[in-house]
Amino acid sequence: MSSPQLNCDSDFLVRVPTEDYGILIDYLSSQTPHSLKVIGHLVSNVRSPEWKTRVYVDQWPDCSVVVCMNDKNIGAYMPLGETDVYMHATSPSKLKNVLTNSNVFDWSKTMFFDGFDKSLLPVLKESIPNSASLRVDVEADIYRHNDTGKLQWKPPEGTFLSALTKKNAATVLKNWKFGCDWMLPEFEHVIETNITSGLYSKEGQLLSWAMLVFYGGIGNVHTLETHRRQGFSKVVLADITRKILDDGVIPWAHVEDGDNNGVSVRMLQAVGYEKTCVNQVFVAFMPAGKKLVWE
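Computed from a prediction, not measured in an experiment: that's the story for all the values here.

A.B. asks: Would you take a moment to explain the pairing of strand β3 (residues 54-57) for this structure?
C.D. replies: Every regular strand shows the same layout, with side chains that alternate between the two sheet faces. Of the two faces of β3, the one lined by Arg54 and Tyr56 and the one lined by Val55 and Val57 are each fully buried. Where strand β2 (residues 14-15) meets β3, two bridges bridge the pair, whose relative direction is antiparallel. Note on β3: the bridge partner recorded for Val14 is Val57. Here β3 runs beside strand β4 (residues 65-70); their pairing, made up of four bridges, is antiparallel. Looking at β4, one finds that Val57 is bridged to Val66.

Shown next as structure tokens:
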């Protein structure tokens, strides 16, 4: 890695300029699957600088800690949400030093740590102020694609594949279990700037879909209830996976603990994904007397 001119925001983290995200992505590629989510977030910011993510490392060029701070700058999404934090670390002790001493983290405000290695959770617990609290909302395994021979799924007769459009955003959001109306600008932006796949009837009705969400994993995979058990989700998963591979990126997805009877796992396995060693946690941080704004 070359040495860019970094802007120092503290004595413990230095900020990476956007023009050097590609260098950081190349460096982190040797640390997959643990680094997949941070890589995905960086790739999304290269595609769409409007995200305005702040990216920090503990040192350059051989960083052990990477922190991405996303303040949700897309439309009405910005004032309604707290900062999303994405982090990757190869050294728990260095991560603890960063969390404890860096002024990048404002522990007086709510934050959402949006998926990081569960093995690092004790470090986060030890680093927050005593009066604050953490809540683990979701645990999920990472599945990574490794078999292109299973991408043969084609659209059934009377249907066709095409990318999602901005007008599909409301439908996608309505069918996501975590969806809120105020997230619509984000969904519109992701659809306009990232890789998506939709399966449509010959009349143009959207039946099934998948999208590459802003942290770089495949998400929001859904088939309308009246059109299930016909393999539609496998068709869109195979299609979006081919597109991601053509883009030179590693396809991956989360599967939450408690997956509905293993449906998601079987669907991913059918198109060539396998479980990795990475289990991630999604954690809400709340200072004393405060709660997340979207609750």
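A.B. asks: Mind showing me how you'd approach unusual backbone geometry here?
C.D. replies: With the exception of glycine, most residues fall at negative phi, and the peptide bonds are largely trans. Here the bond from Thr32 into Pro33 is cis, since omega is 10°, no more than 30 degrees from zero. Looking at where Pro33 falls in the secondary structure, it is placed in the loop between α1 (21-28) and α2 (36-47). Cis geometry marks the peptide bond from Trp60 to Pro61, where omega comes out at 15°. Inspection of the secondary structure assignment puts Pro61 in the loop between β3 and β4. Positive phi, close to 55°, is recorded for Asn220, a residue that is not glycine. Tracing the backbone shows Asn220 in strand β11 (residues 218-223). The class of Asn220 is buried, set by a relative accessible area of 14%.

A.B. asks: Can you walk me through the packing of aromatic side chains in this structure?
C.D. replies: Two measures describe an aromatic ring pair: the distance that separates the ring centres and the angle between the ring planes. Scanning the entire structure with this criterion turns up 10 aromatic pairs. Seen from their ring centres, Tyr86 and Phe214 are 6.2 Å apart, and the 90° between their planes marks the pair as edge-to-face. Of the two residues, Tyr86 is situated in strand β5 (residues 83-89) and Phe214 in the loop between β10 (206-212) and β11; the sequence distance between them amounts to 128 residues. Looking at Tyr86, the relative accessible area reads 0%, which means it is buried. Measuring from centroid to centroid gives 6.4 Å for Phe105 and Phe113, while their planes differ by 10°, and the two rings are stacked. Pair check on accessibility: Phe105 and Phe113 agree, each one buried. By the ring-pair criterion, three or more aromatic residues cluster together here, those being Phe105, Trp107, Phe113, Phe116 and Phe285. Over the ring of Trp153 we find Lys234; its NZ or CZ atom is 5.7 Å from the centre of that ring.

Cut-offs applied
- Residues numbered from 1 in each chain as written.
- Predicted model: local features only at pLDDT ≥ 70, side-chain atom pairs only at ≥ 80, totals over all residues.
- Heavy atoms only, no water.
- Buried < 20%, exposed > 50% of the residue type's maximum accessible area, 1.4 Å probe, protein only.
- Helix = DSSP H or I, 4+ residues; strand = E, 2+ residues; numbered from the N terminus.
- Pairing = 2+ DSSP bridges.
- Phe/Tyr/Trp six-rings, centres within 6.5 Å; stacked < 30°, edge-to-face > 60°.
- Lys NZ or Arg CZ within 6 Å of the ring centre and 35° of its normal.

Geometric values such as these leave the question of function open.
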